[in-house]
Amino acid sequence: MENEAKVLVVDDEERIRRLLKMYLEREDFQVEEAENGEEALDLSLHRDYDVILLDLMMPGIDGIEVCQELRKTKATPVIMLTAKGEENNRVQGFEVGTDDYIVKPFSPREVVLRVKAILRRSSTTKFLQTETQTKDILVYPHLTIDNDAHRVTVNENIISLTPKEYELLLYLAQAPDKVFSREQLLKDVWDYDFFGDLRTVDTHVKRLREKLSNVSEEAADMISTVWGIGYKFEAANE
């Protein structure tokens, strides 16, 4: 099948890799495997994947370290696979740029649905974009969000964002000057109930601001902190 999505499955248990591979290939995904963090890092840095399913706890380099290194150069969507007792590690995973997580034991069908959901909103996925006759574009001074192309430009420079960073920016920018609490952002941007640390939002905002400020401080300043509540998007004035 032309233009099928490419998924890297990373887990030190062959049984889990084989199970996920079987279900994903049924849905026409191309699947590659890695059995440890070292192999995952090598593959993810030198090849292009549409989604990475990444086990959190592995011998040697764990999922946190893999994601941390990956985020230095790539915005590939990452879904972390975690055990039930690893809540703190999941928070750490979000802080280093994980886009979603799935708790073991999981339903393989749920994994497939999560992968498809990530692809639908991924800034790196071209073949799943919806054709539309009307351009869905937000234009502000210094910053443009083309939602049809899932592309963010700052002063005509394309900014590489993870799917979650993109969603967060789009969500705020669609309602300029409206204040959103951290709880509301977690609920609406993360798509499902997440009983985690509110620092997840703070960390994503920090990383988003850093990426914007590398090109334009004015664009970064549009994401404003409302102390004691949360954040809002302030339309910059020329």
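Residues numbered from 1 in each chain as written. Predicted model: local features only at pLDDT ≥ 70, side-chain atom pairs only at ≥ 80, totals over all residues. Heavy atoms only, no water.

**Q** How would you sum up the UniProt feature "modified residue: 4-aspartylphosphate" (unreviewed entry) in the protein? Please name residues and give values.
**A** The positions UniProt marks with the feature "modified residue: 4-aspartylphosphate" (unreviewed entry) are Asp55. Of note, aspartate 55 is situated in strand E3 (residues 51-55). Using a relative accessible area of 4% as the deciding quantity, one classes aspartate 55 as buried. In contact with aspartate 55, other than residues within four places in its own chain, are Val10, Asp11, Asp12, Gly63, Met80, Leu81 and Lys104. (UniProt positions renumbered as here; feature names shortened; annotations may be inferred. Helix = DSSP H or I, 4+ residues; strand = E, 2+ residues; numbered from the N terminus. Buried < 20%, exposed > 50% of the residue type's maximum accessible area, 1.4 Å probe, protein only. Contact = heavy atoms within 4.5 Å.)

**Q** How would you explain the pairing of E3 if you had to name every residue and give the values?
**A** Counting buried positions over the 5 residues of E3 gives 5, a clear majority of the element. With burial as the criterion, each face of E3 is covered, one bearing Val51, Leu53 and Asp55 and the other bearing Ile52 and Leu54. The pairing of E3 with strand E4 (residues 78-83) spans 4 bridges and is parallel. The partner of aspartate 55 across the bridge, within E4, is leucine 81. Between E3 and its parallel partner E4, the chain crosses via helix H3 (residues 63-70), and the hand of that crossover is right-handed. (Pairing = 2+ DSSP bridges. Right-handed = clockwise from strand over helix to strand, strands pointing away.)

**Q** So what's going on with the pairing of strand E5 (residues 100-104)? Residues and values would help.
**A** Where a strand is regular, its side chains alternate between the two sheet faces. Burial within E5 is extensive, with 4 of its 5 residues counted as buried. Bridge analysis of E4 against E5 gives 5 bridges, and the strand direction is parallel. In the strand pairing of E5, threonine 82 is matched with valine 103.

**Q** Describe a negative patch on the surface, and please don't skip the residues or the numbers.
**A** Together, Asp12, Glu35, Glu39 and Asp42 make up a region of like negative charge exposed at the surface. When you line up the elements, glutamate 39 lands in helix H2 (residues 37-46). (Patch = residues over 30% accessible without salt bridge, like charges linked within 9 Å, V, L, I, M, F, W, Y side chains within 5 Å. Areas by Shrake-Rupley, 256 points an atom, 1.4 Å probe, with all protein chains shown as cover. Salt bridge = Lys/Arg side-chain N within 4 Å of Asp/Glu carboxyl O. Lys, Arg positive; Asp, Glu negative; His and termini not counted. Charge placed at Lys NZ, Arg CZ, Asp CG, Glu CD.)

**Q** Go over helix H1 (residues 14-26), please, and point to the residues and values.
**A** Here H1 contains 13 residues, and its C-alpha end-to-end distance of 18 Å stays within 8% of the 18 Å for a straight helix at 1.5 Å per residue. Restricting attention to buried positions, one finds in H1 the residues Ile16, Arg17, Leu20 and Leu24. Buried residues in H1, looked at end-on, bunch into an arc of 95°, giving them a common side. Those residues of H1 that are exposed and aimed more than 90 degrees away from the buried face are Glu14, Arg15, Arg18 and Arg26. (Expected span 1.5 Å × (residues − 1). Arc of directions from axis to C-beta.)

**Q** Break down the side chain of lysine 74 for me, with residues and values.
**A** Within the element layout of this structure, lysine 74 appears in the loop between H3 and E4. Polar contacts involving the side chain of lysine 74 include one to the main-chain carbonyl oxygen of serine 44, which spans 3.0 Å. (Polar contact = N/O pair within 3.5 Å; in protein donor to acceptor, adjacent residues only side chain to side chain.)

**Q** With reference to specific residues and values, describe the nonpolar core.
**A** If you look at the biggest cluster of nonpolar residues, it comprises 49 residues, and the most contacted ones within it are Leu54, Leu169 and Phe233. With 6 residues, the single largest contributor to this core is helix H6 (residues 163-173). The two domains that each donate at least three residues to this core are domain 1 (6-125) and domain 2 (137-233). If we ignore the near neighbours within four places in the chain, the residues touching leucine 54 are Val10, Gly63, Val66, Cys67, Val78, Ile79, Met80 and Leu81. Counting 19 residues, the second-largest nonpolar core is a separate cluster that includes Leu81, Ile102, Val112 and Ile118. (Core = buried A, V, L, I, M, F, W, Y, C linked by side-chain atoms within 4.5 Å. Domains from an automatic or database assignment.)

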